[in-house]
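Understanding the architecture of this molecule
Residues per chain, in single letters:
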Amino acid sequence: MRSLLRSDGAAFVGEGTVGGLRLALPGLLFASPRGSPPLELPPGAARLEERDPSGGMRRALRLAQGTEALDLQFAVATPEVAGGEEALLEMAPRVVGARTPLSASAQAQLRQGAYDLVVWLNARAAWTDSERFVREAIELREVAGPAPMIWAPRVATPGRLSELYALGLDLLDSTEGLFAMADGAFLSADAEGLEEAVGEGRTLVERGKALAGDYLSELALVRRYARAGRLRELVEARLVPEPKRGEVLRYFDGIGGPFQEAHTPIVGSGTRPYTTKEALRRPEVERFRRRLLTRYRPPPSKRTLLLVPCSMTKPYANSPSHRRIAHAIEGVPGGMGIHWGSVTSPLGIVPRELESFYPARNYDIPVTGSWDEDERGWVREALGHLQRSGSYEHTVVHLPREEYRWLEDLLPPEKVPWTVEGGSTTSGASLAHLASALHAAHASGVRGPPGGPLARVREELRSIAQFQFGAPMADRLFEDGVRLMGRPWFQHLFSPAKEDLATWREEVGLWRLTVPGARKVLAEARGSRVQVRPGVELRGDLFAPGVLEADPELRIGDDVILVRNGEVLGVGEARVPGPWMGRLPRGLVVKVRHRAHGEGRAGATDASEPAPADAPRTAG
Amino acid sequence: MSTEAGTETPATSSGSVARAVAQDRRPAPGSPQDARRYVNLWREPEALGGERTTAFVLILRTRGCYWADLKGCTMCGYARDTLGRSATEEEVAEQVDRALLEYRGEPYVKIFTSGSFFDEREVPLPSRARIASAFQGKARRLLVETLPEFVDEANVKALKEALGGEIEVSLGLESAQEEVLRRAVNKNSPPSAYFEAAARVRRGGGSPKAYLLLKPPYLTEREAIEDTVLSVRLASEHFDTLSINPVHLQGGTVVEHLFRRGLYRPPWIWSLVETLVRGAAERKKGTRLVSFPTSGGNRRGVHNCLSCDRALLSAIEEASLSQDFGPLERLPTCPCQERWRLEQALEPLAPETT
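Let us look at the structure shown here. Throughout, residues of each chain are indexed from 1 in the direction in which the sequence is written. A letter from A marks each chain and a number from 1 marks each ligand, given out in the order of writing. Per-residue local features of the predicted model are confined to residues with pLDDT of at least 70, and side-chain atom pairs are confined, for both listing and counting, to 80 or more; whole-chain, interface and lining totals are unaffected and use all residues. Side-chain figures throughout are based on the complete set of non-hydrogen atoms in the structure, without hydrogens or water.

Regarding the sheet that holds strand S15 (residues 338-344) of chain A
Pairing between the strands of a sheet comes from backbone hydrogen bonds, and it takes one of two forms, parallel or antiparallel. All names here are of chain A. Note on pairing: two strands pair once DSSP finds at least 2 bridges between them. For helices the rule is a DSSP run of H or I covering at least 4 residues; for strands it is a run of E covering at least 2, with both sets numbered from the N terminus onward. Read from one edge to the other, the open sheet built from four strands follows the order S16-S15-S14-S18, with strand pairing classed as mixed. In the strand order of this sheet, the two ends are held by strand S16 (348-351) and strand S18 (394-397), each with one partner. Between one strand axis and the next, the sheet turns through 25° on average, direction left out of account. As paired strands, strand S14 (residues 304-309) and S15 are joined by six bridges and run parallel to one another. Axes here mean lines fitted to C-alpha atoms, for a helix over just the part in contact, with angles spanning 0 to 180 degrees between N-to-C directions.

Details of the sheet that holds strand S2 (residues 51-59) of chain B
Residue and element names in this part refer to chain B. Pairing in this open sheet of eight strands is mixed, and the strands run S1-S2-S3-S4-S5-S6-S7-S8 from one edge to the other. Looking at strand neighbours, the two that pair on one side only are strand S1 (40-48) and strand S8 (288-290), the edges of this open sheet. Between one strand axis and the next, the sheet turns through 25° on average, direction left out of account. As paired strands, strand S3 (residues 108-112) and strand S4 (residues 141-145) are joined by four bridges and run parallel to one another. Bridged to Tyr108 within S4 is Arg141. The contact definition used throughout considers only heavy atoms, calling two residues in contact when any of these lie within 4.5 Å. Helix H6 (residues 153-163) contacts S4 and strand S5 (166-174) of the sheet and is inclined by roughly 140° relative to S5.

Description of the state of the cysteines
Residues and elements named next belong to chain B. Only a pair of cysteine sulfur atoms within 2.5 Å qualifies as a disulfide here. A full pass over the atoms with the stated rule returns zero disulfides over all chains. Cysteine Cys336 shares no disulfide, and the gap to the nearest cysteine sulfur, in Cys334, comes to 3.6 Å. Buried means the residue's accessible area, taken with a 1.4 Å probe over protein chains only, is under 20% of the maximum for its type, while exposed means over 50%, and partly exposed covers the values in between. For Cys336, a relative accessible area of 8% translates into the label buried.

Quick word on the side chain of Thr157 of chain A
Residue and element names in this part refer to chain A. The topology assignment puts Thr157 in the loop between strand S11 (149-151) and helix H5 (161-166). Using a relative accessible area of 5% as the deciding quantity, one classes Thr157 as buried. With residues up to four places along the chain from it excluded, the contact list for Thr157 reads Glu176, Leu187, Glu192, Tyr215 and Arg245.

Remarks on the interface of chain B and chain A
Listed per partner, the contact involves 35 residues of chain B and 41 residues of chain A. We define a salt bridge as a side-chain nitrogen of Lys or Arg found within 4 Å of a carboxyl oxygen belonging to Asp or Glu. Here chain B and chain A share two salt bridges between them. Arg99 of chain A is the salt-bridge partner of Glu352 of chain B, the closest N and O atoms lying 2.8 Å from each other. In protein, a polar contact means a hydrogen-donor-capable atom and an acceptor-capable atom, both N or O and within 3.5 Å, with residues adjacent in sequence counting only if both atoms are side-chain atoms; elsewhere, any N or O pair within 3.5 Å suffices. Across the contact surface, chain B and chain A share ten residue pairs in polar contact (both at pLDDT 80 or more). Contributing elements (two or more residues each) for the side of chain B that touches chain A: helix H1 (17-25), helix H7 (178-185), helix H10 (254-260) and helix H13 (336-346) of chain B. Among the elements that line the side of chain B that touches chain A, the one with the most residues is H13 of chain B, at six residues. Polar here means any residue outside two lists: the nonpolar Ala, Val, Leu, Ile, Met, Phe, Trp, Tyr, Cys and Pro, and the charged Asp, Glu, Lys and Arg; Gly therefore counts as polar. Taken together, the residues of the side of chain B that touches chain A break down into 17 nonpolar, eight polar and ten charged.

Here we look at H1 of chain B
Along H1 of chain B, the residues classified as buried are Val17, Ala18, Ala20, Val21, Ala22 and Arg25 of chain B. For H1 of chain B, the elements touching its buried residues are helix H1 (79-82) of chain A together with helix H3 (66-70) and H10 of chain B.

What to know about the side chain of Asp558 of chain A
Inspection of the secondary structure puts Asp558 of chain A in the loop between strand S25 (547-550) and strand S26 (559-564). Among residues more than four places away in sequence, those in contact with Asp558 of chain A are Ile266, Arg512, Glu553, Gly572, Glu573 and Ala574 of chain A.

Next up, the structure:
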């Protein structure tokens, strides 16, 4: 069973227990073939040994750690001969073997059973087909749920570790590396494939020791990256020596996209380097692009779309170039009706009010001025969506024409002013062109929403809420004459009765609900709710046993409404993905921000019910 | 992932891969022209009564093995060499007549049918005596192969009379372990059926011979060696000759299906050497132990590193003919031997073989 310290995507950093073993996760089993000298292992690691089977077509393996050992005994499967429905293979108490694709009966068994360890018996067979491997690794995790560890035997070399853990596999072993070493391969993750580097004259035992060191150092690196929430960067860095890894990652970003997105936090910090082409398909990027197309509508009072290049400084609005542009167009009549859209790879177009939404302020890419087909496609898709869903009367393109000629069919220069002269958006001439184009556009007068500048701020904050919660819940939050108070970087949303409904901070980019706000939106909050188990007293944070059910749309960092019997118990922030919430045996699930007064204690009806047997912990 | 078009074996949801493979390899019913042509013939070195000789080997084109149609053994693709229907008496006669044109009086004649010689759906009853009598006075010994369920004393006796010489009946025992036979080889009868059939051959005056399969799918290299050594020990009292056949990959088989996915490697020659040396020590005295591998030294057959293979295979042939296995214990070493040992140490660390 897994205990979570923190997760990075589907990778799980923490501890796994099975039998008497306590394994540090992500974990590695060190192959100890018969007759090999004993390996010195760090705490949390285990040895993988062969045992004598009890006879017939049976095999036995031992996972050993210090004086503890777990013996796995099993019959050799012959699925091509046997055919038919394959059930799970009992290997030890709370340990089963599974072959993928899972049969219907194996699926049912895996969903119901409480297992500490699932051995993916045919992982190596699946590895020969990258698409299948990705599909079946995901299937196995989704069916088994977040509680058990999954071991994929004999697929890992040191250089593959990061990718295999990123797929959500917990345990790998060093057997394949020993095989490759026997064939003369040099596997140190940093100099992989340099066959001449194989230690001439070193004995197999010495090379085996060196290989164990290679696994250990790469494992340490994986853990550091995963703890920092940046395992993906190591995965991308390790692609080069083996095209197979590129295949696997591309399938993981393709067919595995929804699975990855579910495990990807909605918030982030720092700057992520999107250096490789593979980085442009990271799950948070795909999610941003998809939400823009499905959840976002430009605020209706925005009458002029101003397209500008993105900037290295984030948020873009703080960059020197954007500030110079802003300065140049100060004084344009109806300036609040100008809608800035930053054209960028890989996000497409980022409307100004979404600049603080992860990952819009958290990425950096190599910039060359040449855009590939995918990058162009994302921009064109976003532009089409803005044009269709916005109420723009004018568009002004402040992009260098040479570089963005591929947008001319959508933005014909004879109809739409392109205001950059030469290559520089901030040259005096370019800025003068821009200012006069905007003056001309707005000369005939620009209609704004009733209520003046504050109404426009409200529109922008509402479109952020739409992007975050989806339109139905955002609309509900903003209806009935709400009022805003605060600063551009910190806003409060109040009901007419001056009840605090929600707050927004620029550095997070997200709305955070209060209990009254949660009550107001509850009917539309599909995707934000966690149902608290009857009898659970909400004193602090919510832990796994207290969850009855959770909306699967919840992501780490998402705002959560805690509900029981239709009543709001509190609000907080998700610490694990929604799909894990009802299925984790232990651990913090929701960091509670506010509790409802008079709620959270076991109510009259709840008190009469016996507490669940698994003794929920709720103290924070 | 894409695979070579037309070579992919469909794994049907209802049945096993083995079943799908069996359906796939059976040829459509052959024309009369096909039915007049035997599959193949060749000569090979053999030993007869302690003396070196040459064997004349003929593969007849018949309906083929009924079991290959129903389920099929995991390593056997001989169904591809069949007619897809029963051959008539005349057609069988014509095949034999054509083969006789090539026959030069070799004293040892082996006739195979890609199935069972004693199954009347393959070789019509009247054809048996005709075939045997065609070699009368020329061949000292005639070998035919069959599944155990078709062997009875009378069959063997009748054939012996028609030949006027020795009859050797070979049975594809493959393994003397019931579970290996049933689950890894996919045979239709347990080892006891083969032992009983061997006894019937003896009662009919024939000499029973068994083939043992080295490394059926799903077994590790080490398990495969142990299986065959044990099989030699258990089978040697029932048979006069034991012939070890290391798996070679035939088209349209489960082993080939696994091989294509990187899940099967034919056995090492080192494994065959170990099996022969240990088997020779453990067999019942007087039982001949031989191995004449097909596709030896080739990636699709028993092989080592492909550089030491030739020398080892000649030593194995020599030992099989001379029945002196001492030289196999004193073979020159090769660096690949270390790799073979390591594979045996590492392979059991994964729950499934590849």
